[in-house]
Amino acid sequence: GISPWQGLLGNSCPPRKRPLRTFFGVAGKKDATAADPEQSAAGEVTGAPRLKTANKMVPSSSVPASGPTQGLSTRPCGLRDTLVKSLLKQKESSYTHLQNFRFFVGTYNVNGQSPRGSLRPWLSQDGEPPDIYCVGFQELDLSKEAFFFNDTPKEEEWFKAVTESLHPGAKYAKGNKGGVAIRFQFHNSTVCVVNAHLAAHPEEYERRNQEVRDICARMQFHPLEPGCPLLAIKEHDVVLWLGDLNYRLEEQDMERVKKLIQTQDFQALHQHDQLKIQREAKLVFEGFQEGEISFQPTYKYNPGSDDWDDSAECRVPAWCDRILWSGKTVSLLSYQSHMALKNSDHKPVSAIFDVGVKVVDKKSYCKAFEGIVRSLDKMENASIPSVTLSKREFLFKDVKYLQLQVESFTISNGPVPCQFEFISKPNEDAYCKPWLIAKPSKGFLMPDSEVVIALELCVNKSTATALNSGEEKLEDILVLHLDRGKDYFLSVSGNYLPSCFGCPIQTLCYMKEPIREMLPEAIRELTLMPLLTDDAFWEEKPLDVPKELWMMVDLLCRSACHQEGLFQQPGLRPEFEQIRDWLDTGTLDVLGPVASNHSVAEALLLFLESLPEPVVCYKSYRSSLECANSYEMSSQVRQALREGQD
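Enquirer: Would you take a moment to explain the sheet that holds strand β19 (residues 442–445) for this structure?
Expert: Strand pairing in a sheet relies on backbone hydrogen bonds. The paired strands run either parallel or antiparallel. Across the sheet, which stays open at both edges, the 5 strands sit in the order β15-β22-β21-β17-β19 with mixed pairing between neighbours. Strands at the two margins of the open sheet, each flanked by one partner only, are β15 (393–399) and β19. Across the sheet, the mean angle separating the axes of adjacent strands is 20° when strand polarity is ignored. Sheet topology note: the strand β17 (residues 418–423)/β19 ladder contains 4 bridges and is antiparallel.

Next up, the structure:
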């Protein structure tokens, strides 16, 4: 869905209402040479410690890099270094072999409770200690302080409880990560661990599907090597996805569900599992696998017992807590819940995997490296790189507010390796206008290879006002530069459909007709009209409130006035687009039926966020703050706002 948080957090995932924590440990019982810690684009995701041998507890950020198998050099890459790295990647099978390492993956929704007793029945149930622990928690702290300040004393409580309950057969270096994902390099294999807490309630399975797609699309990691493109979740050898995924049972009859649980007919009950149904329809987690479920549902229990929920809500049991994986070298050894832990309304779940990790043979690696260097020395030449572009002109038709349009083209390389990058034109800071982005914007091409470039166009609050008024147009020239080669010029153009989103409130008050029915000259004149203009400036008396704002507020007052959490849950993108089109075209005098009040509420927030000047204009903003503690002075400011005076 579209979230009002999106503009604040850039390319990150929407914030959850409840803190998530991921604890990470690497064992010292084998040669556990680990991992390159890397961050997401949002700066809130970090990786595992980089270790040679873990023989004591250390903070994850303080472990130095060492060892011959930690990957290639992390110094800035020139063309030759990039080519060597690419050729080494192609020959990886000649200098690596697969070695199995034991991974323990666990998830636990603790419902805001503090730990009571040992976690060993969950974390140390096997005789053989794992090489790596990946443990994720949800609802660590439900207090408002934890939500606003992203800090909680319970984090240390649970970290201590985990530390004391790890398998006694090995020592572990540990790290505590407060994000939603961790990526690391283990020997020559890359691993990504995702800890997710998805939307609640049985009817919200489509929203859960959408949240998984959003996480995969928005979560990106900064590689350690400068100049390398961001990495997505699925661009790893192994992905482990755990958490309170909140998928419920389609079967809603409580007695029938309890009877199937009592007879341990989990296979019959699993046929009604929403996650199974959605995965089989290829609507979510495509490419992922999950083990056979042979344990009873993990939710919802009376805290402190194994009794099913007998509260007023009386939730139907469900397998909310799940662990999935993707990767060709992953073998599941066990998948189970742990009934011994009773302090939450969830039961923890664990999975143990054997993961085939690519371990580097030093001699074979040196042989491959030397062979590549010799071959590059022989092919040294002064050839200028040259590419062919499948398309150089791009037309985006009928662009709408916050509706992404994508045009693609292919760069086909010749016989010489090359680096390409979109560069800024003279006297410009960026390579493109703010409503456009190229993905990827730079990269490296092997000889006779090709890459597909996506040009993504999206008009948001920062660009809509100028496009509405006609001050700016959807026109740009992109310059594609080849290192040691020539430049290529690409023409981008399009037409933008004016929208009430991004228009000043004063402008909308003077618009009696839907904005799409108005002439461009009239829209421009109204948009550029000075604030607090006398009514005589325009022939007709303006509306007291913009009709678009009135319709959204009116609908919410009539149908959602007492709805809890109205502005906390995001709406659905298709519904927002429908609401936007209704407002811009005036196809209905009032908003038609929409599936969710949350979508109307979010459209209202996005509308207010898109205003070039807020409802309380900048001139009056400071005086409004200064008078906030005085009823009499606040009344005077309010009256001045009504009269349009300073």
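Enquirer: Would you take a moment to explain the pattern of salt bridges for this structure?
Expert: One side chain can pair with another of opposite charge once the charged atoms of both are near each other. One pass over the structure, following the stated rule, counts 22 salt bridges. Aspartate 354 serves as the salt-bridge partner of arginine 102, at 2.7 Å between the closest nitrogen and oxygen. Pair noted here: arginine 102 is in strand β3 (residues 96–109) and aspartate 354 is in strand β13 (residues 349–360), with a separation of 252 residues, a long-range link. Across the salt bridge formed by glutamate 548 and lysine 547, the nearest N and O atoms sit 3.1 Å from each other. Residue glutamate 548 is classed as buried on the basis of its relative accessible area, which comes to 0%. Among the charged side chains, a network of salt bridges with common partners joins Lys400, Arg516, Arg580, Asp581 and Asp584.

Enquirer: Please clarify how the side chain of glutamate 92 should be interpreted in this entry.
Expert: Turning to its location among the elements, glutamate 92 is positioned in helix α3 (residues 92–95). Dropping the residues within four chain positions of it, glutamate 92 is found in contact with Asn188 and Lys358.

Enquirer: Sorry if this is basic, but what is going on with the sheet that holds strand β18 (residues 436–439) here?
Expert: The strand order across the open sheet formed by 4 strands is β14-β16-β20-β18, and the pairing between neighbours is antiparallel. Edge strands, defined here as strands with exactly one partner in the open sheet, are β14 (387–389) and β18. Across the sheet, the axes of successive neighbouring strands diverge by a mean angle of 25°, strand direction being ignored. Bridge count for strand β16 (residues 405–413) against strand β20 (residues 450–457) is 8 bridges, and the pairing is antiparallel. Residue pairing in the sheet places phenylalanine 409 in a bridge with isoleucine 453 of β20.

Enquirer: Mind showing me how you'd approach the packing of helix α15 (residues 547–559) against helix α17 (residues 597–610) here?
Expert: How two helices sit against one another is set out by the angle between their axes and by the gap between those axes. At a closest axis distance of 10 Å, the pairing of α15 and α17 adopts a crossing angle of 145°. When the axes of α15 and α17 are compared, the crossing they make is left-handed. Where α15 approaches α17, its residues Glu548, Leu549, Met552, Val553, Leu555, Leu556 and Ser559 are matched on the opposing element by Asn597, Val600, Ala601, Ala603, Leu604, Phe607 and Leu608. The class makeup of the residues in the contact of α15 with α17 is 11 nonpolar, 2 polar and 1 charged.

Rules behind the numbers
- Residues numbered from 1 in each chain as written.
- Predicted model: local features only at pLDDT ≥ 70, side-chain atom pairs only at ≥ 80, totals over all residues.
- Heavy atoms only, no water.
- Pairing = 2+ DSSP bridges.
- Helix = DSSP H or I, 4+ residues; strand = E, 2+ residues; numbered from the N terminus.
- Axes fitted to C-alpha atoms, helices over the stretch in contact; angles between N-to-C directions.
- Salt bridge = Lys/Arg side-chain N within 4 Å of Asp/Glu carboxyl O.
- Buried < 20%, exposed > 50% of the residue type's maximum accessible area, 1.4 Å probe, protein only.
- Contact = heavy atoms within 4.5 Å.
- Left-handed = near helix turned anticlockwise from the far one by under 90°.
- Nonpolar A, V, L, I, M, F, W, Y, C, P; charged D, E, K, R; others polar.

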